[in-house]
Amino acid sequence: SGLLIGSPECDSDCVLLTLDVTEAAVEEAVAVGAKIIVAHHPVIFHPLKVLAADSLFAKLIKEDITVICAHTNLDFAAGGVNDALADALGLENIRHFDMMTDTLSLGRIGELEVPLSPDEFAEFVKSALGCGGLSYVSGEKTVSTVAVSGGHLSTAPAKAVELGCDALVSSEVKHSDFLDAKDMGLTLIDAGHFSTEAVVLPILCEKFRTAFPDAEFIISSVKKPIQYI
């Protein structure tokens, strides 16, 4: 997390917000004149062994674009990824889920205003997150209390059951976790990594606009790369 490419002294009248720093996102930044990109996922995720002239990193340097990445710190943060996900699903009485320290958690728990059947809840999640498609197992009981964990599922379904949840919404769910959830009577939904995290971009954008009213903040129009049929 933090400043990964560029200079802390960089000035820009325009900032592009994106989930991932891709070739398309960089081209968009150049087109709109953004010299700063703020992303969720780190642009440098694995150690670099080669810096080729035609690489994404070389293009960022050539275009003099500074990249700031807020990763797990944005997951943890109040008003961050998981609060945005809980808000997108209309959850109430929000509290922490999957505590990592005394004050930080990688998820949230809340209640639906109107309880839904597992199938109804799955359809609701698909619509609310605009995810195009999802995978789920039905706990076959009414869904009222819901746990959410944006991005990769880092908590076993048993934790959600232990805390009295009827459903858990996350992504990158392993086959074995689906089986465990089914056995425990938990509705487990894999709504996709992109869709469970992109919900934070409008909230982050509004915070930036309030803090820096003289600059322009643009949410990337680049669509998620995964398609559904």
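Residues numbered from 1 in each chain as written. Predicted model: local features only at pLDDT ≥ 70, side-chain atom pairs only at ≥ 80, totals over all residues. Heavy atoms only, no water.

**What about the overall build of the chain?**
Scanning the chain from terminus to terminus reveals nine helices and eleven strands. Judged by the C-alpha coordinates and their principal axes, the chain covers about 55 × 35 × 35 Å. Taking the contacts inside the chain whose residues are at least 6 apart along the sequence as the reference set, 61% of them involve residues at least 24 apart. For the chain, the computed accessible surface area is about 11,500 Å², with 55% contributed by carbon and sulfur atoms. Put simply, the chain has 15 plus and 33 minus side-chain charges, and the middle of one group is 3 Å from the middle of the other. (Helix = DSSP H or I, 4+ residues; strand = E, 2+ residues; numbered from the N terminus. Contact = heavy atoms within 4.5 Å. Areas by Shrake-Rupley, 256 points an atom, 1.4 Å probe, with all protein chains shown as cover. Lys, Arg positive; Asp, Glu negative; His and termini not counted. Charge placed at Lys NZ, Arg CZ, Asp CG, Glu CD.)

**Section: the sheet that holds strand β1 (residues 2-5)**
The strand order across the open sheet formed by five strands is β1-β4-β3-β2-β11, and the pairing between neighbours is mixed. The sheet is open, and its two edges are formed by β1 and β11 (216-219), each paired on a single side. Sheet twist, expressed as the mean angle between neighbouring strand axes with direction ignored, is 25 degrees. Inspection of the sheet shows β1 paired to strand β4 (residues 66-69) by three bridges, in the antiparallel sense. Residue pairing in the sheet places G2 in a bridge with C69 of β4. The strands that helix α1 (residues 23-32) touches are β2 (14-18), β3 (36-39) and β11; relative to β2, the one it contacts most, it runs at about 160 degrees. The strands that helix α9 (residues 200-211) touches are β2, β3 and β11; relative to β11, the one it contacts most, it runs at about 175 degrees. (Pairing = 2+ DSSP bridges. Axes fitted to C-alpha atoms, helices over the stretch in contact; angles between N-to-C directions.)

**So, the pattern of salt bridges**
Side chains that carry opposite charge are capable of pairing whenever their charged atoms lie near each other. Under the criterion given, the structure shown has six salt bridges. In this structure, the salt-bridge partner of E27 is K59, at a minimum N-O distance of 3.9 Å. Within this pair, whereas E27 is found in helix α1, its partner K59 is found in helix α2 (residues 56-62), the two being separated by 32 residues in sequence. Residue K59 is classed as partly exposed on the basis of its relative accessible area of 25%. One salt bridge connects E111 with R95, and the closest N-O pair in it is separated by 2.7 Å. Remark: R95 occurs in strand β5 (residues 92-99) and E111 occurs in strand β6 (residues 105-116); sequence separation between them is 16 residues. (Salt bridge = Lys/Arg side-chain N within 4 Å of Asp/Glu carboxyl O. Buried < 20%, exposed > 50% of the residue type's maximum accessible area, 1.4 Å probe, protein only.)

**Points about α1**
Taken together, the buried positions of α1 are occupied by A25, V26, E28 and A29. Each buried residue of α1 sits inside an arc of 160 degrees when the element is viewed along its axis, so together they form one side. The elements touched by buried residues of α1 are β2, β3 and α2. At the exit of α1 stands G33, carrying a positive phi of roughly 80 degrees. (Arc of directions from axis to C-beta.)

**Here's the deal with the packing of aromatic side chains**
This model, assessed by the stated rule, comprises three aromatic pairs. Relative to F217, the ring of F208 has its centre 5.4 Å away and its plane inclined at 20 degrees; by these criteria the two rings are stacked. Judged by its relative accessible area of 7%, F217 falls in the buried class. (Phe/Tyr/Trp six-rings, centres within 6.5 Å; stacked < 30°, edge-to-face > 60°.)

Limitation: the analysis is restricted to geometry and does not speak to function.
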